[in-house]
Amino acid sequence: MPGEPRLEVAITVDDLPVHGDLPLNTTRAEIARRMIEAFKRKGVPGVYGFVNAKNIGTNGDTEKDSVLKIWGDSGFPLGNHTFSHIDLNTASAEAFEQEIVRNESVLEGLAGRRDWHWLRYPYLHEGDTLEKRRAVRKYLGDHGYKIAEVTLDFGDYAWNNPYARCVAKQDTGSIEWLKSSYLATAKEDIALDRKLSVMLFGRDIRYVLLLHIGALDSIMLPDLLDLLRNQGFDFVPLEEAQKDPAYQTDPDAALLHGGTFLEQLTESKHLNYPAHADRPIEKLDAICR
Ligand SMILES: [Zn+2]
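Residues numbered from 1 in each chain as written. Predicted model: local features only at pLDDT ≥ 70, side-chain atom pairs only at ≥ 80, totals over all residues. Heavy atoms only, no water.

Q: Which parts of the structure should I look at to understand the overall build of the protein?
A: Helix and strand content of the protein: 11 helices and 7 strands. For 289 residues, the compact-globule estimate of 2.2 N^0.38 gives 19 Å, and the protein sits close to it at 18 Å. Dimensions of the protein along its principal axes, counting C-alpha atoms only, are 50 × 45 × 40 Å. Expressed as a percentage of the 289 residues in the protein, the buried residues total 54%. Taking the contacts inside the protein whose residues are at least 6 apart along the sequence as the reference set, 84% of them involve residues at least 24 apart. Accessible area of the protein: about 12,900 Å², with a carbon and sulfur share of 50%. For the protein, the centre of its 34 positive side-chain charges and the centre of its 45 negative side-chain charges are spaced 4 Å apart. (Helix = DSSP H or I, 4+ residues; strand = E, 2+ residues; numbered from the N terminus. Rg over C-alpha atoms; globule rule 2.2 N^0.38 Å. Buried < 20%, exposed > 50% of the residue type's maximum accessible area, 1.4 Å probe, protein only. Contact = heavy atoms within 4.5 Å. Areas by Shrake-Rupley, 256 points an atom, 1.4 Å probe, with all protein chains shown as cover. Lys, Arg positive; Asp, Glu negative; His and termini not counted. Charge placed at Lys NZ, Arg CZ, Asp CG, Glu CD.)

Q: Please explain the state of the cysteines as it appears in this structure.
A: The bond known as a disulfide is covalent and runs between the sulfur atoms of two cysteines. The tally for this structure, following the rule as stated, stands at 1 disulfide. A disulfide bridge connects C166 with C288, and the sulfur atoms are separated by 2.0 Å. Residues C166 and C288 are joined through a disulfide that is right-handed, its torsion about the S-S bond being 105 degrees. Of this pair, C166 sits in helix α6 (residues 160-168) while C288 is found in the segment after α11 (281-286), placing the two residues 122 residues apart along the sequence. In this structure, C166 and C288 share a single accessibility class: buried. (Disulfide = S-S within 2.5 Å.)

Q: What is the right way to look at the nonpolar core in this model?
A: Proteins that are soluble and globular tend to have nonpolar side chains buried together. Formed by 86 residues in total, the largest nonpolar core has its most connected members in F39 and W71. In this structure, F39 is in contact with I11, V13, V44, V47, W71, F76, L221 and L225, ignoring residues within four places of it in sequence. (Core = buried A, V, L, I, M, F, W, Y, C linked by side-chain atoms within 4.5 Å.)

Q: I keep staring at the coordination of the zinc ion and nothing clicks. Help me out?
A: Each pair of donors in an ideal four-coordinate tetrahedral metal site encloses 109.5 degrees, whereas pairs in an ideal six-coordinate octahedral site enclose 90 or 180 degrees. In this structure, D15 (OD), H81 (NE2) and H85 (NE2) serve as the protein donors to the zinc ion, at separations of 2.1 Å. D15 sits in the buried class, given a relative accessible area of 8%. You can call H81 buried: its relative accessible area is 2%. (Donors = N, O, S within 2.8 Å, 3.2 Å for Na, K, Ca; no water.)

Q: What should I look at first to understand the pairing of strand β1 (residues 7-16) in this one?
A: When a strand is regular, its side chains alternate between the sheet's two faces. Within β1, 9 of the 10 residues are buried, which leaves it mostly tucked inside the rest of the structure. Summarising the sheet, β1 and strand β7 (residues 233-235) pair through 3 bridges and their orientation is parallel. Bridging across to β7, V9 finds its partner in F235. Sheet analysis places β1 next to strand β6 (residues 207-212), joined by 6 bridges and oriented parallel. Bridge pairing in β6 links V9 to Y207. In the sheet, β1 pairs with strand β2 (residues 48-51) via 3 bridges, with the strands oriented parallel. (Pairing = 2+ DSSP bridges.)

Q: What should I look at first to understand the environment of D128 in this one?
A: Structurally, D128 can be placed in the loop between β4 (118-119) and α5 (130-142). Among the residues examined, D128 registers a relative accessible area of 25% and is labelled partly exposed. Setting aside residues no more than four positions away along its own chain, D128 makes contact with L88, N89, A254, L255 and L256. Engagement of the side chain of D128 in a polar contact is seen with the side chain of K132, the distance being 2.9 Å. (Polar contact = N/O pair within 3.5 Å; in protein donor to acceptor, adjacent residues only side chain to side chain.)

Q: What is the right way to look at the packing of helix α7 (residues 172-201) against helix α10 (residues 261-268) in this model?
A: The description of two helices packed together rests on the angle between their axes and the distance between the axes. At their nearest, the axes of α7 and α10 sit 10 Å apart, and the two run at 50 degrees to each other. Between α7 and α10, the angle falls in the class oblique. Where α7 crosses over α10, the handedness of that crossing is left-handed. Touching D193, L196, S197, M199, L200 and F201 of α7 are F261, L262, E263, L265 and T266, all from α10. (Axes fitted to C-alpha atoms, helices over the stretch in contact; angles between N-to-C directions. Parallel < 35°, antiparallel > 145°, perpendicular 65-115°, else oblique. Left-handed = near helix turned anticlockwise from the far one by under 90°.)

Q: Would you explain the pattern of salt bridges in this entry?
A: Two side chains of opposite charge can pair, provided their charged atoms sit close to one another. Considering all chains together, one arrives at 22 salt bridges under this definition. The salt bridge partner of R34 is E30, with a shortest N-O separation of 4.0 Å. Placement of the pair is R34 and E30 together in helix α1 (residues 28-41), with a separation of 4 residues, close to one helical turn. We classify R34 as partly exposed; its relative accessible area is 30%. The exposure class assigned to E30 is partly exposed, which follows from its relative accessible area of 35%. When the shortest N-O distance is used, the salt bridge between E240 and K243 registers 2.8 Å. By relative accessible area, K243 is classed as exposed at 53%. (Salt bridge = Lys/Arg side-chain N within 4 Å of Asp/Glu carboxyl O.)

Q: Is there a simple way to think about helix α4 (residues 104-111) in this case?
A: One full turn of an α-helix is made of 3.6 residues, so residues set three or four places apart face in the same direction. Residues of α4 that are buried include every one of E104, L107 and A111, and no others. An end-on view of α4 places all buried positions within 60 degrees of arc, on one side of the element. Turned more than 90 degrees off the buried face of α4, the exposed positions are S105 and G109. As for α4, its buried residues are in contact with β2, β3 (78-80) and α3 (93-102). Among the residues trailing α4, G112 stands out with phi positive, at a value near 60 degrees. (Arc of directions from axis to C-beta.)

This is how it looks when you write it as structure tokens:
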């Protein structure tokens, strides 16, 4: 609609270089290239890829055609997702901080002059105790890191392993269902996250979408980007999105299940979630077994 304010979203991709099972006849490098190609074709700027350096050269990532090199060469920035995707619910603050440091030489080597001092918490777990949560936040601030928040999330990761299984079974009907339910869930959960934003801030904030570097993610990305455009979103870099003053709020709560920034605020304020359809987790678990 002319005159209607546009929405803004930054897109981020977690778990470089490897996420989820690799389907037959696909390589990690293809997944990375397919995502980068879609981002560039659809005009998505500055897509951060968050790195777990422990997984370099494992599970289909190769030195010759390295996912991190492909990402770095594309001009997109890289950020820190801890060395081994450590869980702050089970680790101490000190162990978590060591994992941040252990990831840095790789980032420094690949990012060039781009700013890699952004941390995405694995599992969106930011500390199950206030003491731990505050200790890590203080460490990040003292070491020049910003937290890469998440404010749009539809659990995209949950489709990648079922997709690999369905490819192995050549089950085209199930693959079609995976694709349609991926987009339907994205639409539903984006609507829910926008309702949370209006409930908490009285408006649509500038959003940050979480995706993962998985096989079905890479295939669905052009359709997902079209969906976002059709919903009224413009694409902006992470740095721009997080200039929204909403991100200066700190939920400052001990939350076992962590969650997105908007979910953390909803939980910490003991607010109710608006009505929404649940993700089809049971069907995803059962399909193509
Ligand atoms: Zn992750």
